[in-house]
Structure formats: C-alpha cells, structure tokens
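# Coordinate analysis (summary)
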Amino acid sequence: QAGNFPRAAQLYLEAWAHDPSRPEYLWAAARAEHLAGLFDKALQHYEQFAATPTAGPEKAAKARAHVVDIRRLQMDAKVLEADQARTSGNLRLAAQLYLEAWQDQPARVDLLFKAASAELAVGDNAKAEAHLRQYLQLAPADARDRAAALARLDTLSPAAAPQPAAPRSAPEPAVATPEPAETAAGSGQTPPVVLIADAPPARTAVCSVTSGGAALLAA
C-alpha cells in the first residue's frame, strides 16, 4: 500500500514459498513486480500462476492477458530504443533491436524490413538480403513496405526480384549460304562477261569462263 512494490513482491514470494497451496501469493507477487516495472520477473510469475491447477480459470485468463500486455510493452520499448539507435547512427544496434522486437511479436513483419534496411546501410548485405526475403515471404500483399523491399532486394541481387517478361524479338534474318558454282550449261544463266578495255575498237574481245576453266576469246 505504501508503493514499495519490489519489497512487496519479495515478501509475497517468501509467503508463497512457505505455503505453495496459496497461489494468490504468487499472483500478488506478479502484480507487484508488474507495477514495479520488473517485467521479466512479472512475466515469469504470471505464467507460473496461470499454469497452477488451483489458480482458477478466471484468474489464469487475467494472468495470460497481463503476459500479452507486458510483451507488447517490452516490444514497444525495444522498438523505441531501436529507433533512437538508428537516429543516432548506431545502425548495427538498431538492426539487432528490431530483430529482437520482431521475435517477441512475429506479427510485426515491418520490423524485419527496418532491420534489413539498417543492415543494408552498414553493408551487411547477406543479412539484409535474407531478412528482405523473409519479409516478402511473411508480409501481406498490400504491405506498405513491399515495393521498397523489392527495390532494395533488386539492388542486392537483380536476378532475385521479379522481372517483367522480355518482349519476344523478331527472328534474325537468315544468312544465305553461298551455293557451289554451277556450270554454264547446267545453270541456264549467261556466263559473266569481262570486256578487255585495251582491245582495238574493231576487235573488242570478250572473255568467258566455262565450268572447265578454259578462257574463250571471241571477236
């Protein structure tokens, strides 16, 4: 009643140790520790009380509700500490605290993204990539940070992020393969003609190459 909650918790625990059949002493100790801010001890004794068969279902439910409240308070305090560490530039500590808070409250997947962002800023790329992938796996489709997580993951591993389908390119034009030379007789084409410019005007010479390789000169 005087507000000395740590001393009250100690005395209640001593009384419960003398008489374990009185679970109300354990409940009173947990409540005093809760009010004193001794959250780890309060969690331990709330959970111990809720597991006691003689605690009663109503009081056990209250103890479990207090456990949830304390864990939320602890997480909020840790997130606040992480935010302060990030603001002061201590990004490694910030990442560690974000991860610890997320482990206490797995539903807060945004803490995974914050941890990955801090890790990326200090060059812990392997950890950042792992936590970004984990965030994208756990976060809902409409999560606020999903697009930013994809963008950060793409900077780490371009092949890891979903890529738009590449447009189908037009087929390359076929390159004609030169066919073997056909004979003049078999091809049906006029053999190439070469004019010899130095020949006299009245006797212009024409050179034709046949398949046999012989040169024929005609006037």
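Structural notes, computed from the coordinates. Going along each chain's sequence as written, the residues are numbered from 1 onward. Reporting of local features is limited, given that this is a predicted model, to residues whose pLDDT is at least 70; pairs of side-chain atoms are given and counted only at 80 or more, and all residues count toward the totals for whole chains, interfaces and linings. Based on all heavy atoms of the structure, the side-chain values leave hydrogens and waters out of the count.

### Some remarks on the overall build of the protein
In DSSP terms, a helix is any run of H or I states spanning at least four residues, a strand is any run of E spanning at least two, and both are numbered starting from the N terminus. Within the protein, the secondary structure is distributed over 9 helices and 3 strands. Ordered by position from the N terminus, the helices and strands of the protein form the series α-α-α-α-α-α-α-α-α-β-β-β. Residues counted as buried form 27% of the 219 residues belonging to the protein. In this description, contact between two residues means that some pair of their heavy atoms is separated by no more than 4.5 Å. Taking the intrachain contacts of the protein between residues at least 6 apart in sequence as the baseline, contacts between residues at least 24 apart amount to 37%. Accessible area for the protein stands at about 14600 Å²; split by element, carbon and sulfur atoms hold 57% of it. In this scheme, a residue with accessible area under 20% of its type's maximum is buried, one over 50% is exposed, and one in between is partly exposed, where area comes from a 1.4 Å probe on protein chains only. Computed by Shrake-Rupley with a 1.4 Å probe, the accessible areas treat only the displayed protein chains as cover when residues are assessed.

### Details of the nonpolar core
Throughout this description, the term nonpolar core refers to a set of buried Ala, Val, Leu, Ile, Met, Phe, Trp, Tyr and Cys residues connected via side-chain atoms within 4.5 Å. One finds Val79, Tyr98, Leu111, Leu132, Tyr135 and Ala149 to be the most contacted residues of the largest nonpolar core, which totals 23 residues. For this core, the secondary-structure elements that each account for two or more residues are α4 (57-87), α5 (91-104), α6 (110-121), α7 (125-138) and α8 (146-156). Looking at which element gives the most residues to this core, the answer is α5, with 6 residues. Ignoring sequence-local partners within four residues, the contact set of Tyr98 consists of Val79, Ala82, Asp83, Arg86, Leu111, Lys114 and Ala115.

### Points about the pattern of salt bridges
By definition here, a salt bridge exists when the distance from a side-chain nitrogen of Lys or Arg to a carboxyl oxygen of Asp or Glu is within 4 Å. Under the definition given, this model contains 9 salt bridges. Measuring nitrogen to oxygen at the nearest pair gives 3.4 Å for the salt bridge that ties Asp69 to Arg72. With a gap of 3 residues between them, Asp69 and Arg72 both fall in helix α4, about one helical turn apart. By relative accessible area, Asp69 is classed as partly exposed at 36%. Exposure remark for Arg72: the relative accessible area of 42% places this residue in the partly exposed category.

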